[in-house]
Structure formats: C-alpha cells, structure tokens
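# Chain and residue survey
Letter by letter, the chains look like this.
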Amino acid sequence: MNSAPHRRPDMHCYFMQIALAVRERANCLGNKVGAVLVVDNRIVSTGYNGTPSKTKNCDEGGCERCANRARYGPGEGYDLCICVHAEQNALLSAARFGVAVAGATLYCTMRPCFGCTKELLQAGIDAVYYLHDWRHPEATVAAQYEILQARFAGGIRPLVIDDPQADWAVSKKQQPGQAL
C-alpha cells in the first residue's frame, strides 16, 4: 500500500487537462482546439472548434477553408470558414443555458485569435491561459492584437504542460516562430 500523501494537482494544469480532453471532439482539419470556462474554480462551460449544429463537419467536407487548405495561407480565408471556434462555443453554450461568465477564466489549448479575443473581452472574461501560441501573420494587425489582448484584467499567459497529441491537434502549417 502506498502511504505517500495525495498531492492536489495545480488547478491551472487541471483545467488545461480538461480543455485537452474537450479538444478530442474537434473536427476541424486545421487546429483542433478545446476551451473551458471556469468561475470560482468550477467549470461552467466547455467548447471545441467545429461547424454549427446540424451542419456537415469539416472532416466531411463542410467547410470551404478546411476542404481547400492549400489555397489559404495563415490568417487567410476566415470569412469562408464556417467553424465556430472553441472559445465561441464555450461562450455560446454558457449563454444558451443562462450561465453568467463575467469574471471567468478561460483555459484554451490555443491562444485565442483576434475575433475570439474581442468576444471574450466583451463577455467580461477576466483571464486567459493557453497552451499553444497563435499570432496574426500581418504585422499591423498583430500589433493591434497584442494591445487588445493586454486588456484582460487578469492577464493572458501561456501554461506549459505536456501535450502528447500536439502533432494531431496543431496545424501542420504552423512552423516555429510563425503564425498559424
């Protein structure tokens, strides 16, 4: 019998591990992302990226951008993409069930994009922890993106934990030091 005391896991790592599990449902052909919204150390909503309900999934040819990935560079073709991002799905799921998210912390397997950042700020999300980085490929937009992300009262910061499925979940278009 092991008599070693039970060590409580770090809460940030705990919630990110759950975001990794949620990511398993993602069906995008690019990045597969999971998100968890937490209020007072309790999960109030989760989300993963994929097409809207009752719509053909990306992995079934439902999204023009995913179906023709070679045609679109990093940061291009978002106006054609029908996927709902993991962060958006977490916010929308909470709203659908009447769950308040103001002051919540988001744990996301990827740093939120420009659009999701705006939505998270508008919803009153306090802090963001992410696993994999995302940067906008255009320098002028990237500068505005950084300014916008600095507006999270509780900050936005990377969380370093092992991601054994990074090869599956992070787009092959990502190169170290480049945008997705």
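The structure this text deals with has already been given above.
So, a few notes on the structure that sits alongside this text. (Residues numbered from 1 in each chain as written. Predicted model: local features only at pLDDT ≥ 70, side-chain atom pairs only at ≥ 80, totals over all residues. Heavy atoms only, no water.)

### With respect to the overall build of the protein chain
Of regular secondary structure, the protein chain possesses six helices and five strands. The order of α-helices and β-strands along the protein chain, N terminus first, is α-β-β-α-α-β-α-β-α-β-α. For 180 residues, the compact-globule estimate of 2.2 N^0.38 gives 16 Å, and the C-alpha radius of gyration of the protein chain, at 17 Å, lies within 12% of that figure. Projecting the C-alpha coordinates of the protein chain onto the three principal axes gives extents of approximately 55 × 40 × 35 Å. When the 180 residues of the protein chain are sorted by exposure, 44% land in the buried category. Taking contacts inside the protein chain between residues at least 6 apart in sequence as the whole, the part at least 24 apart equals 65%. (Helix = DSSP H or I, 4+ residues; strand = E, 2+ residues; numbered from the N terminus. Rg over C-alpha atoms; globule rule 2.2 N^0.38 Å. Buried < 20%, exposed > 50% of the residue type's maximum accessible area, 1.4 Å probe, protein only. Contact = heavy atoms within 4.5 Å.)

### Concerning the side chain of D163
Looking at the secondary structure, you find D163 in the loop between β5 (155–158) and α6 (166–169). If we skip the residues at most four places from it in the chain, D163 touches L20, R23, L131 and H132.

### A closer look at the side chain of H136
Mapping H136 onto the fold places it in the loop between β4 (127–132) and α5 (139–149). A distance of 3.2 Å separates a polar side-chain atom of H136 from the backbone nitrogen of E138. (Polar contact = N/O pair within 3.5 Å; in protein donor to acceptor, adjacent residues only side chain to side chain.)

### Describing the packing of helix α3 (residues 86–96) against helix α4 (residues 114–122)
Relative orientation of the contacting elements α3 and α4 amounts to 25°, with a least axis distance of 9 Å. Between α3 and α4, the angle is such that the two are roughly parallel. In this structure, α3 meets α4 at a crossing whose hand is left-handed. Along its contact with α3, which presents E87, Q88 and L91, the element α4 presents C116, E119 and L120. (Axes fitted to C-alpha atoms, helices over the stretch in contact; angles between N-to-C directions. Parallel < 35°, antiparallel > 145°, perpendicular 65-115°, else oblique. Left-handed = near helix turned anticlockwise from the far one by under 90°.)

### Some words on the sheet that holds strand β1 (residues 34–39)
Spatially, β2-β1-β3-β4-β5 is the arrangement adopted by the five strands of the open sheet, whose pairing is mixed. The sheet terminates laterally at β2 (42–48) and β5, the two strands that pair on one side only. Averaged over all neighbouring strand pairs, the angle between strand axes comes to 15°, with direction disregarded. Pairing analysis gives four bridges linking β4 to β5, with the strands arranged parallel. Its bridge partner lying in β5, Y129 is registered against R157. Those strands touched by helix α1 (residues 11–23) are β1, β2, β3 (105–110) and β4, and its axis lies near 140° from that of β1. Seen against the sheet, α3 touches β1, β2 and β3 and runs at an angle of roughly 130° to β2. (Pairing = 2+ DSSP bridges.)

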